[in-house]
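# Per-entry structural report
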Amino acid sequence: MDAVTQMVVASATDDPRFLPVTADELADLRIEISALTPLEPIRSEDVIVGQHGLVLVKSGATGLLLPQVPVNQGWDRQAFLNGLCQKAGLAPTAWHDGDAVLFAFEAEVWSE
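A few points on the structure. Quick caveat, the model's predicted, so the values are computed rather than measured. (Residues numbered from 1 in each chain as written. Predicted model: local features only at pLDDT ≥ 70, side-chain atom pairs only at ≥ 80, totals over all residues. Heavy atoms only, no water.)

## Focus: the nonpolar core
How we decide: Grouping buried Ala, Val, Leu, Ile, Met, Phe, Trp, Tyr and Cys residues that are joined through side-chain atoms within 4.5 Å yields what is termed a nonpolar core. Throughout this description, buried means an accessible area under 20% of the type-specific maximum (1.4 Å probe, protein chains only), exposed means over 50%, and partly exposed covers the range between. Each helix corresponds to a stretch of at least 4 residues labelled H or I by DSSP, and each strand to a stretch of at least 2 residues labelled E; elements are numbered beginning at the N terminus. The contact criterion used throughout is that any non-hydrogen atoms of two residues lie within 4.5 Å.
Counting residues in hydrophobic clusters, the biggest one holds 17 residues, and the most contacted among them are Leu54, Leu56, Leu90 and Leu102. Sorting the residues of this core by element identifies strand 3 (53-58), strand 4 (61-65), helix 3 (77-87) and strand 5 (101-105) as the ones contributing at least two each. Among the elements that line this core, the one with the most residues is helix 3, at four residues. Ignoring sequence-local partners within four residues, the contact set of Leu54 consists of Ile42, Val47, Gly63, Leu64, Leu65, Phe80, Leu81, Leu84, Leu102, Phe103, Ala104 and Phe105.

Okay, structure coming up:
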């Protein structure tokens, strides 16, 4: 449980993509925790939107999107893969490249 607590604090205060959470925002926060299964290699055509979360590794870049992201965004499989590449800082179609490695996982999600 210590790791979960540490990650909650880090996500609220140390994520470089966002400003740190302020005390005034605390009452409006809702916490969602995703417990991930181990990564398994997957082919792009086998990705199931809403079931799989994905990790892409290519040219030293890595991107991860949780299974709920494409559902929340209304993405199909291709948009999910494109968004994953963009998350990794790559061109949207980099998942087609021969040196791109794709992994899938599933998540058990708890939220307030």
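Read on, since the account is not over.
## Considerations on the pairing of strand 3
Formally: For two strands to count as paired, DSSP must find a minimum of two bridges between them.
Strand 3 sits mainly inside the fold: five of its six residues count as buried. Examined bridge by bridge, strand 3 and strand 5 share five bridges and lie antiparallel to one another. Within the sheet, the bridge partner assigned to Val55 lies in strand 5 and is Phe103. Pairing of strand 3 with strand 4 involves five bridges; the strand directions are antiparallel.

## Quick notes on the pairing of strand 4
The side chains of a regular strand alternate between both faces of the sheet. Burial along strand 4 is one-sided: Ala61, Gly63 and Leu65 are buried, and none of Thr62 and Leu64, which face the opposite way, are. Between strand 3 and strand 4, which pair antiparallel and follow one another directly, the connecting turn spans two residues, one of which, Ser59, has a positive phi of 50 degrees.

## A closer look at a nonpolar patch on the surface
This is how the line gets drawn: Patch membership requires over 30% relative accessible area and the absence of a salt bridge. Like charges are linked within 9 Å, and nonpolar side chains (Val, Leu, Ile, Met, Phe, Trp, Tyr) within 5 Å. All accessible areas in this document rest on Shrake-Rupley with a 1.4 Å probe, and a residue is counted as covered only by the protein chains that are shown. A pair is scored as a salt bridge if a Lys or Arg side-chain nitrogen falls within 4 Å of a carboxyl oxygen belonging to Asp or Glu.
Judged by side-chain polarity, Val4, Ile31, Ile33 and Trp110 come together as a nonpolar surface patch covering roughly 320 Å² of accessible area. Tracing the sequence through the fold places Ile31 in the loop between helix 1 (2-13) and strand 1 (32-36). On the basis of relative accessibility, which here comes to 39%, the residue Ile31 falls in the partly exposed class.

## Considering helix 3
Condition: In protein, a polar contact means a hydrogen-donor-capable atom and an acceptor-capable atom, both N or O and within 3.5 Å, with residues adjacent in sequence counting only if both atoms are side-chain atoms; elsewhere, any N or O pair within 3.5 Å suffices.
If you check which residues of helix 3 are buried, you get Phe80, Leu81, Asn82, Gly83, Leu84 and Cys85. Packing partners of the buried residues in helix 3 comprise strand 3, strand 4, helix 2 (68-73) and strand 5. Near the N-terminus of helix 3, the side chain that reaches the backbone nitrogen of Gln78, with its oxygen 3.3 Å away, is that of Asp76. Two residues or fewer after helix 3 comes Gly89, characterised by a positive phi angle close to 80 degrees.

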